[in-house]
Amino acid sequence: MNDRKRIQSALLSVFHKDGLEPIVRALHRLGVHLYSTGGTQEFIHQLGIPVTPVEDLTSYPSILGGRVKTLHPKVFGGILGRRGLDSDVAQLEEYHIPTIDLVVVDLYPFEQTVAGGGTEDAIIEKIDIGGIALIRAGAKNHGDVVIVPSRDQYPDLLHLLEAQNGESTLAQRKAFAAAAFGVSARYDSAIHQWFIGGPQQLAPPMQGQPVHPLRYGENPHQEASFIGDLHGLFEQLHGKELSYNNLLDLDAGLELIDDLATLPGIPFAILKHNNACGAAVRSTLKEAWDAALAADPTSAFGGVFITSATVDKATAEAMDAIFFEIICAADFDPEALEVLRRKKNRIILRRKGKGHLSRHWRSALGGLLTQAPNQLVPEASAMRTATAKAPTPQELNDLVFATILVKHTKSNAIVLAKGKQLLASGTGQTSRVDALEQAIAKARKFTFDLGGAVMASDAFFPFPDCVEIAHQAGISAVVHPGGSIRDQESIDYCNAHGMAMCITGTRHFKH
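Residues numbered from 1 in each chain as written. Predicted model: local features only at pLDDT ≥ 70, side-chain atom pairs only at ≥ 80, totals over all residues. Heavy atoms only, no water.

Visitor: Help me understand the sheet that holds strand β13 (residues 303–307) in this model?
Guide: Sheet strands pair by backbone hydrogen bonding; their relative direction is either parallel or antiparallel. Spatial strand order, β10-β17-β15-β13-β11-β12: six strands in an open sheet with mixed pairing. Both outer strands of the open sheet, β10 (234–238) and β12 (275–282), are each paired with one neighbouring strand and no more. Strand-to-strand twist across the sheet, computed as the mean angle between neighbouring axes with direction ignored, equals 20°. When strand β15 (residues 324–329) meets strand β17 (residues 347–351), the two strands line up parallel, connected through four bridges. Considered in β17, the bridge of C328 is made with L349. Against the sheet, helix α13 (residues 285–295) engages β11 (266–272), β12 and β13, with an angle of about 145° to β12. (Pairing = 2+ DSSP bridges. Helix = DSSP H or I, 4+ residues; strand = E, 2+ residues; numbered from the N terminus. Axes fitted to C-alpha atoms, helices over the stretch in contact; angles between N-to-C directions. Contact = heavy atoms within 4.5 Å.)

Visitor: Explain unusual backbone geometry to me, please; I cannot follow it from the model alone.
Guide: One can expect most non-glycine residues to show negative phi and most peptide bonds to be in trans. Here the bond from S411 into N412 is cis, since omega is -10°, no more than 30 degrees from zero. At H96, a residue that is not glycine, the phi angle is positive and equals roughly 55°. Relative to the elements of secondary structure, H96 occurs in the loop between α5 (86–94) and β5 (102–105). Of note, N165 is a non-glycine position whose phi angle comes to about 55°, a positive value. By the secondary structure assignment, N165 is in the loop between α9 (154–163) and β7 (167–168). For N165, a relative accessible area of 44% puts it in the partly exposed group. (Buried < 20%, exposed > 50% of the residue type's maximum accessible area, 1.4 Å probe, protein only.)

Visitor: Any chance you could explain the packing of aromatic side chains here in plain terms?
Guide: Two measures describe an aromatic ring pair: the distance that separates the ring centres and the angle between the ring planes. Throughout the structure, instances matching the rule amount to eight aromatic pairs. A centroid spacing of 4.4 Å and a plane angle of 25° characterise the contact between F305 and F324, whose relative ring orientation is stacked. Of this pair, F305 sits in strand β13 while F324 is found in strand β15, placing the two residues 19 residues apart along the sequence. Relative accessible area serves as the criterion here: at 0%, F305 is assigned to the buried category. With a relative accessible area of 2%, F324 lands in the buried category. Three or more aromatic residues link up through ring pairs in this structure, and these residues are F110, Y187, W194 and F195. (Phe/Tyr/Trp six-rings, centres within 6.5 Å; stacked < 30°, edge-to-face > 60°.)

Visitor: Please clarify how the sheet that holds strand β2 (residues 9–13) should be interpreted in this entry.
Guide: Strand order in the open sheet formed by five strands is β4-β3-β2-β5-β6, and the pairing between neighbours is parallel. The outermost strands of the open sheet, each flanked by one partner alone, are β4 (52–53) and β6 (146–148). Pairing of strand β3 (residues 33–36) with β4, which is carried by two bridges, proceeds in the parallel orientation. Bridge assignment links S36 to a residue of β4, and that residue is P53.

What is shown is where atoms sit, not what they do.
Spelled out as structure tokens, the structure:
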């Protein structure tokens, strides 16, 4: 197979037209002969660009309500014909089949139709036949053909058209083919699961996504990669390459900051090993930073800093005083960037989008566990007062803040907070009492006054010991999911000692 190939003809048949115009115009500038079908053909025609209907190529109209448009030897022969094989070339000439060098196609939105509650007939009609066949044909013959299986590959195609004048290398065509088979695999898996009545996403929706090799995994002896659109999530403004552990901290931190951003004010969080060691919400970013750092200035060393606000110079100067790995923010003032760039390896990220999946995945026992993400954001309306004494407005605000934090903390987890500031947390303990005692000890280490503070637990109190210890430490209000057969004992203790307790009914385990 020849390495470099120039695109001289293209077949475009897409369901979604957004993002297509620059590609069509680039192909036209290069003198590429365009073939198309239905709505895509009309779209190209309205741009004032010449296009040959597939019907003119096949001498057959679109039939059966559009179910059969491209399924014809003159289409698939032009894609699958091997340009370097004399017998294929002879047959193409014999049957007057033009070669097709580029196939741009996307698939009917099957998963979206299912997710939107479509009827069975509507779902069946969104099972693409011609599109999936075009994808597989183009990918199989990647020695001669560039296959673009979804809008995710449009930027790569545009680069090829504009920077390389429509020429592609074998390595590039092979990369497009790999993405194509990934799209095909995911699509077929979703259809299979719908037919057997299982989850709509059997496999993680990563097929066809770019693969980013990482320096190493959790430890230097472990190989690692990230599969997904990093460039769609962040713009890296400075610093070294992101690591496996960096990405885990960013994932945990961004989920936390998105929940904290639902509260009035500006949130700031400091992450270490996927847990918040500092967090606060304040009226200014500098105040939020100061309060977050105060929770544990020791653990903040080498941490990951995250906010949903724009970083200003004053906050940047304060952060620059300590060593940290990453700052991720909505944006940066130019003066702040100048300060933060003082350290060569410091990673500075401008957040561009959200990378949350509709399902969560993790490996286990040689297989995969999948679940819906924990998207429930704690709020005051979910706090049911279970004691004679109701929380004050300030305590209620703090209970919501603390519940958001405990939701994003490794179980068993306890969070202590006051004034929308994390005072301390007990993380990843095998008993809830241990988590509480760890949190109290840490708060006292950093000289916090726990009088009037609140406590949040990720799961119910199985015994009243936790509220007893909390009361003795000065904590005035607590919140937990409830559901223990001994809930009343904890409620009775709170009533006897003037504490407020709220019950949410929602557990927030995180493992």
